[in-house]
Amino acid sequence: MNVANLQLEGLLMAIATINHILVRKGVLSAEEIDIALRKAEASETAEERSEELSSSHRDAVNFPIRLLQLANQCQPEADIPSFSALARMVGQMKEPYNDQM
């Protein structure tokens with residue numbers, strides 16, 4: 001496996017854990033984090049950007065956002081699923097794009 005992939009995996013799980021703690025401490029709500037992640041995904045899937053990227057590239061761009069969204073859906077008192085479990089869920093929830101390429 002590429003070392004950069006492992007670094008990104010660690011970074012994503014660190015962010016997910018920080019978000020989880022922020023919710024548990026009442027600094028942010030899960031809804032506020034979800035809104036921020038939805039805005040991030042919307043900016044990455046904007047029409048002008050989408051036209052430049054293939055479906056697989058859009059999936060790659062949106063993968064970390066979607067993984068963090070799933071981690072954010074965990075109850076504050078529950079543990080966050082493992083990276084592999086979250087990644088599997090991202091793959092299962094993926095919606096098809098309307099490619100016109």
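Note that the coordinates shown come from a computational prediction; the quantities given were computed from them, not determined experimentally. (Residues numbered from 1 in each chain as written. Predicted model: local features only at pLDDT ≥ 70, side-chain atom pairs only at ≥ 80, totals over all residues. Heavy atoms only, no water.)

A. A look at the overall build of the protein chain. Secondary structure summary: the protein chain contains 5 helices and 0 strands in total. Counting over 101 residues, the protein chain shows a buried share of 30%. With an accessible surface of roughly 6800 Å², the protein chain has 56% of that area assigned to carbon and sulfur atoms. (Helix = DSSP H or I, 4+ residues; strand = E, 2+ residues; numbered from the N terminus. Buried < 20%, exposed > 50% of the residue type's maximum accessible area, 1.4 Å probe, protein only. Areas by Shrake-Rupley, 256 points an atom, 1.4 Å probe, with all protein chains shown as cover.)

B. Molecular detail of the confidence of the model for the protein chain. The pLDDT averaged across the protein chain works out to 88; a share of 89% of its residues lies at or above 70. Mean pLDDT in the protein chain bottoms out at helix α3 (residues 47–52), which sits at 69, and peaks at helix α1 (residues 3–24), which reaches 94. (pLDDT = per-residue confidence, 0-100.)

C. Molecular detail of helix α2 (residues 30–44). Its 15 residues place the ends of α2 21 Å apart at the C-alpha level, agreeing with the 21 Å of an ideal helix rising 1.5 Å per residue. Residues I33, D34, L37 and E41 constitute the buried set of α2. Down the axis of α2, the sector holding all buried residues measures 100 degrees, keeping them to one side. Residues E31 and K39 are exposed on α2 and point more than 90 degrees away from its buried face. Buried residues belonging to α2 abut α1 and α4 (55–72). (Expected span 1.5 Å × (residues − 1). Arc of directions from axis to C-beta. Contact = heavy atoms within 4.5 Å.)

D. Local environment of α1. Taking 1.5 Å of rise per residue, the 22 residues of α1 would be expected to cover 32 Å, and the 32 Å separating its terminal C-alpha atoms lies within 8% of that figure. Of the positions making up α1, those classed as buried are L12, M13, A16, N19, H20 and V23. Down the axis of α1, the sector holding all buried residues measures 120 degrees, keeping them to one side. Of the residues in α1, the exposed ones pointing more than 90 degrees away from the buried face are V3 and Q7. Looking at the buried positions of α1, the neighbouring elements they touch are α2, α4 and α5 (83–93).

E. Spotlight on the pattern of salt bridges. In total, this model carries 2 salt bridges according to the counting rule given. A salt bridge links D34 to R38, with the nearest nitrogen and oxygen atoms 2.7 Å apart. Taken as a pair, D34 and R38 lie in helix α2 at a separation of 4 residues, close to a single helical turn. D34 sits in the buried class, given a relative accessible area of 17%. Of the charged contacts, one joins E41 and R66 as a salt bridge, the two residues approaching to 2.8 Å between their closest N and O atoms. Here E41, found in helix α2, pairs with R66, found in helix α4; they are 25 residues apart in sequence, far enough to count as distant. Each member of the pair, E41 as well as R66, carries the same accessibility label: buried. (Salt bridge = Lys/Arg side-chain N within 4 Å of Asp/Glu carboxyl O.)

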